[in-house]
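Architecture and fold: a report
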Amino acid sequence: MKQTKTKLLCLILTALMLLSGLTACGKDKEGKDSNLIKLGDYELLYKGACIMEDSDGNDAIVLTLDFTNNSKENASYLWSVDETVMQNGVELEPASIITDYENLETVVSDQFTDVAPGATLEVRTAFVLKDTTSEVKATFEEFLGSKKGTITVDPATLSRETVSHTEPETTNTTGDTLLDWWNGEWYGWWKMSGCYGDYESMEGDWWDVCGVIDLDTDYTGTIELWDEDYTRSDPMASAQVSLSEAGTGEHGTVMSEGGWFTNVTLEHADWIVDPGLLDYDDMICISGDYEDGDDEFHYDIYLRPWGLYWKDMEEDAYPYRYTDWYLPLIDAGKSMPDAIGEGAPTNQTNAAAPGGNGIVTEEQVQKGYVWMNEINKNIFDATYEDIVAYFGVEGEFVKEEYSDHMQSNYRYYKWISKDDDSHFIYVNFCEKTPGVYTVSAYNTSGFSGTEAIEKYLDIVKAEAAEANKAASANAEMKDFSVEIAQFAKDDVKVKIMTKIPVSGWSFDDGPRCLVENDDPTAFGAGAIQFEIRESVEKFDSYKDKFENYKDIEDRVIGGITFKGRTYKYIGYEWIQYIAQLDDNRALSIGLRDMDCVPGTMPDIILNNMTFQ
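An account of the accompanying structure is given in this report. (Residues numbered from 1 in each chain as written. Predicted model: local features only at pLDDT ≥ 70, side-chain atom pairs only at ≥ 80, totals over all residues. Heavy atoms only, no water.)

**Brief notes about the overall build of the protein chain**
Put simply, the test is: Secondary structure elements follow DSSP: runs of H or I no shorter than four residues count as helices, runs of E no shorter than two count as strands, and numbering proceeds from the N terminus. Buried, partly exposed and exposed residues are distinguished by accessible area as a fraction of the type maximum, computed with a 1.4 Å probe on protein chains only: under 20%, between the cut-offs, and over 50%, respectively. Contacts are assigned to residue pairs that have any heavy atoms within 4.5 Å of one another. Here the Shrake-Rupley method, with its probe set to 1.4 Å, supplies the accessible areas, and only the displayed protein chains count as covering residues.
Counting its secondary structure elements, the protein chain contains 7 helices and 36 strands. Evaluated residue by residue, the protein chain yields a buried proportion of 50% over its 612 residues. In the protein chain, the share of contacts with a sequence separation of at least 24, taken over all contacts with a separation of at least 6, comes to 57%. Accessible surface, the protein chain as shown: approximately 28600 Å² in total, 46% of it carbon and sulfur.

**So, the sheet that holds strand S28 (residues 489-501)**
Put simply, the rule is: Pairing between two strands is assigned when DSSP locates at least 2 bridges connecting them.
Ordered in space as S27-S28-S36, the 3 strands form an open sheet in which the pairing is antiparallel. With partners counted over all chains shown, the strands left at the sheet margins are strand S27 (477-486) and strand S36 (610-611), one partner each. With 10 bridges joining them, S27 and S28 adopt antiparallel strand pairing. For Glu483, the partnering residue across the bridge sits in S28 and is Lys495.

**Re the nonpolar core**
Selection criterion: By nonpolar core is meant a set of buried Ala, Val, Leu, Ile, Met, Phe, Trp, Tyr and Cys residues that side-chain atoms within 4.5 Å join together.
By size, the foremost hydrophobic cluster in this structure holds 49 residues, and its most contacted members are Ile379, Ile387, Trp415, Phe429 and Val439. For this core, the elements supplying multiple residues, two or more each, are strand S13 (184-196), helix H3 (322-331), helix H4 (362-375), helix H5 (384-391), strand S24 (408-417), strand S25 (424-433), strand S26 (436-445) and helix H6 (449-473). Ile379 has contacts with Trp371, Met372, Ile387, Val439 and Tyr442, leaving out every residue within four places of it along the chain.

**Quick notes on the side chain of Ser506**
Stated precisely, the cut-off is as follows: Any pair of N or O atoms that falls within 3.5 Å is considered a polar contact. Within protein, one atom must be able to donate a hydrogen and the other to accept it, and sequence-neighbouring residues count only if both atoms are side-chain atoms.
Relative to the assigned elements, Ser506 resides in strand S29 (residues 506-508). Within the structure, the side chain of Ser506 is placed 2.6 Å from the backbone oxygen of Asn517, a separation counted as a polar contact.

**Quick word on the side chain of His251**
Structurally, the position occupied by His251 is in the loop between strand S16 (237-244) and strand S17 (253-261). Aside from chain neighbours lying at most four places away, what touches His251 is Leu178, Trp181, Trp182, Leu243 and Pro275.

**Regarding the packing of aromatic side chains**
Put simply, the test is: The pairing test for Phe, Tyr and Trp rings, Trp by its six-membered ring, is centres within 6.5 Å, and the orientation test on the planes gives stacked under 30 degrees, edge-to-face over 60, and tilted for anything in between.
The final tally for this structure, using the stated rule, is 43 aromatic pairs. For the ring pair Trp190 and Phe297, a centre distance of 6.3 Å and an interplane angle of 40° mean the geometry is tilted. Of this pair, Trp190 sits in strand S13 while Phe297 sits in strand S21 (residues 295-305), and the two are 107 residues apart along the sequence. Residue Trp190 is classed as buried on the basis of its relative accessible area of 4%. Judged by centre distance (6.5 Å) and plane angle (65°), the rings of Trp415 and Phe429 are edge-to-face.

**Description of a negative patch on the surface**
Which entries qualify depends on this criterion: Like charges are joined within 9 Å and nonpolar side chains (Val, Leu, Ile, Met, Phe, Trp, Tyr) within 5 Å, but only among residues with over 30% relative accessible area and no salt bridge; these make up the patches. One speaks of a salt bridge when a side-chain nitrogen belonging to Lys or Arg is within 4 Å of a carboxyl oxygen belonging to Asp or Glu. When charges are counted, neither His nor the chain ends are considered; positive counts come from Lys and Arg and negative counts from Asp and Glu. For charged residues, the charge sits on one atom: NZ in Lys, CZ in Arg, CG in Asp, CD in Glu.
On the surface, Asp198, Glu267, Asp270, Asp289, Glu291, Asp294 and Glu296 cluster together to form a negatively charged patch. Following the sequence through the fold, Glu296 ends up in strand S21. Taking the relative accessible area as the measure of exposure, Glu296 reaches 30% and is therefore partly exposed.

**What to know about unusual backbone geometry**
Leaving glycine aside, a negative phi is the common case for residues, and trans is the common case for peptide bonds. At Tyr219, a residue that is not glycine, the phi angle is positive and equals roughly 70°. Tracing the chain through its elements places Tyr219 in the loop between strand S14 (206-215) and strand S15 (220-227). Of the residues examined, Tyr219 reaches a relative accessible area of 15% and is grouped as buried.

**Overview of the pattern of salt bridges**
This structure, assessed with the given rule, holds 19 salt bridges. Lys367 is the partner of Glu463 in a salt bridge, and the nearest nitrogen-oxygen pair spans 2.6 Å. Residue Glu463 is found in helix H6, and its partner Lys367 is found in helix H4; the two are separated by 96 residues along the sequence. In this structure Lys367 comes out as buried when scored by relative accessible area, which is 10%.

**So, the sheet that holds strand S11 (residues 136-142)**
As summarised here, the arrangement of the 4 strands in space is S6-S5-S11-S12, forming an open sheet in which the pairing is antiparallel. Every interior strand has two partners, whereas the edge strands, strand S6 (90-91) and strand S12 (148-153), have only one. Inspection of the sheet shows strand S5 (residues 81-87) paired to S11 by 7 bridges, in the antiparallel sense. Each bridged residue has a counterpart across the sheet, and for Val85 the counterpart in S11 is Ala138.

**A short note on H5**
How we decide: Our arc is simply the arc of the directions from the helix axis toward the C-beta atoms.
Of all the residues in H5, the buried ones are Tyr384, Ile387, Val388 and Phe391. Seen along its axis, H5 keeps its buried residues to an arc of 105°; they face one direction.

**Thoughts on the pairing of S14**
With 7 of 10 residues buried, S14 lies mostly within the body of the structure. Judged from the 8 bridges that link them, S13 and S14 form a sheet pairing that is antiparallel. Paired with Gly188 across the strands is Val209, a residue of S14. Inspection of the sheet shows S14 paired to S15 by 7 bridges, in the antiparallel sense. Residue pairing in the sheet places Gly211 in a bridge with Leu225 of S15. Counted along the chain from S14 to the antiparallel partner S15, the turn is 4 residues long, and its residue Tyr219 has a positive phi close to 70°.

**Concerning the packing of H4 against H5**
Rules: For helices, the fitted line uses only the C-alpha atoms of the stretch in contact; every axis is such a line through C-alpha atoms, and the angle between N-to-C directions lies from 0 to 180 degrees. Working definition: roughly parallel below 35 degrees, roughly antiparallel above 145 degrees, roughly perpendicular at 65 to 115 degrees, and oblique for all remaining angles. Handedness of a crossing is defined here by the sense of rotation of the near helix relative to the far one, left-handed for an anticlockwise turn of less than a right angle and right-handed for a clockwise turn.
Relative orientation of the contacting elements H4 and H5 amounts to 135°, with a least axis distance of 11 Å. If you check the angle between H4 and H5, you find them oblique. Viewed along their axes, H4 and H5 form a crossing whose handedness is right-handed. Residues Gln364, Lys367, Gly368, Trp371 and Met372 of H4 lie in contact with H5, whose contacting residues are Ile387, Tyr390 and Phe391.

**Overview of the environment of His268**
By the secondary structure assignment, His268 is in the loop between strand S18 (264-265) and strand S19 (272-273). Polar contacts involving the side chain of His268 include one to the side chain of Glu257, which spans 2.8 Å.

**Some thoughts on the environment of Tyr318**
Along the chain, the position of Tyr318 falls in the loop between S21 and H3. Exposure remark for Tyr318: the relative accessible area of 9% places this residue in the buried category. In the structure, Tyr318 is positioned 129 residues away from Trp189 in sequence and 8.1 Å away in space, judged by C-alpha atoms. In this structure the side chain of Tyr318 is engaged in a polar contact, spanning 3.2 Å, whose partner is the backbone oxygen of Trp310.

**A closer look at H3**
In terms of burial, H3 is largely enclosed, as 10 of its 10 residues are buried. Within H3 the residues assigned to the buried category are Tyr322, Thr323, Asp324, Trp325, Tyr326, Leu327, Pro328, Leu329, Ile330 and Asp331. One or two residues past the end of H3 sits Gly333, with phi positive at roughly 75°.

**A closer look at the packing of H4 against H6**
Across the interface, H4 lies against H6 with an axial gap of 8 Å and an inter-helix angle of 80°. Here H6 runs roughly perpendicular to H4, going by the angle between their axes. On H6, the residues that touch Glu363, Gln366, Lys367, Tyr369, Val370, Trp371, Asn373, Glu374 and Ile375 of H4 are Gly449, Ala452, Ile453, Tyr456, Leu457, Ile459, Val460, Lys461, Glu463 and Ala464.

Structure below.
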């Protein structure tokens, strides 16, 4: 259950913005208008299905459901319902059907939306088909519950739908390819070099710059530029220019014919702007020399069309305000303001995001997914710096945005295979406290997470155990003790004493467990749980519901021999040790979603444990 839920989370959180205006999926042709499934406090109404093509070109089945929340608290489909979709006896992989590649929006985004008590929300779920003729069986189960329901769909009866993409508006309206490439709003930076006189101290200084190019059908017009000290109405430069089809590339050449740059006059051919000379598409460079008496400098102005993401360049080539000002504006679909710094959403962070190229090996990418998905039980407490430490390199920064829905700032990064750049892990970080970004979601692209787990799980477990042993050997420890009472019998108690790390572990009074996290309520954290009953036989009450049951080697804890066993129950993997302490007290020590390799911290805690 946990693996399916995690994979779904990764798909849904490729973006936080909700999708609007999608083409609706058709209902199956057998005429089934609905299929009501009751899952405890929630209801699902199956409304229909269709076939869509996923982002890799595979056929995918998309189910449309009404999710009704009958509980007393807000709830999302994602954290209320677990899905298993089978075809030909094989579990289907979740499908990534991206509807907006710039913002990484998918057809299943609504699954993350909170639904108020008593309210209903239409959601979609998508899975990659093995074929389009065999029956598909979808089972929906109450998350961490026992209620479930199933629907069966015949893909052969379904209509095929396409994703509706919204094309960006264009300002190119002349119909002349050459003019349409040049005309419009531009953004970039300019730099001073070879400075003399009053400008000598400004050597190497650089600033963001905006501009507008306006050429008529006779191939003449103007270029106006302004940096942080100027505005559109009071520009830094205003040049009369002409456009020629001649040049080293397909975009021709623009040449100055007159005008001014700050307080000096521009003459014919002072500017010769040929995009074909540059290494990047959709970029121009305006170079010139400023001379006013003894004051001189050379300037280079690099510009790209407003709205373009500079992902093909290294971060050190980005304009200074690219991240905190430019990106929020273009993500919001805003046109260029009249002054640099104006118009950015007030809830955007102004701090430049760290980042690198994110390049690692294919093995590191796949093992990284296994580590995040299967090994690191505190992955949603892991900071950006923690993930960097694991991969050994800074991630490739994609974008930063503020979510009105979540009332938080988010940053998006990728760690990419050097062997195939279509294989990467996409990680979303949320700013929970000022300046601290922790993992809020992650997903794979280009490779199968299931296959990665099958291939690398044992290896990554062993690597994690070695890292844990190394850290545990040097960990600062403190004494810990707690009294555990039998349920409804406060006079039947066991005092448990051991040593735990000074930081990284805590105790949760509710379920009576030591949690491998400073926050005892941390979601998904591994734990050592204690329980008292009259006899060891009482711990077998639910044994018939245990999955993958296996007896393991006995363990001596605190001088007492405990019987050991492993199993899966209510979605958790357990290692359980049980022993009869005396005539009326039996103790269970259960390690939930936690390995106990010799030398690791769980092993050390058990080795130090004594009882009264």
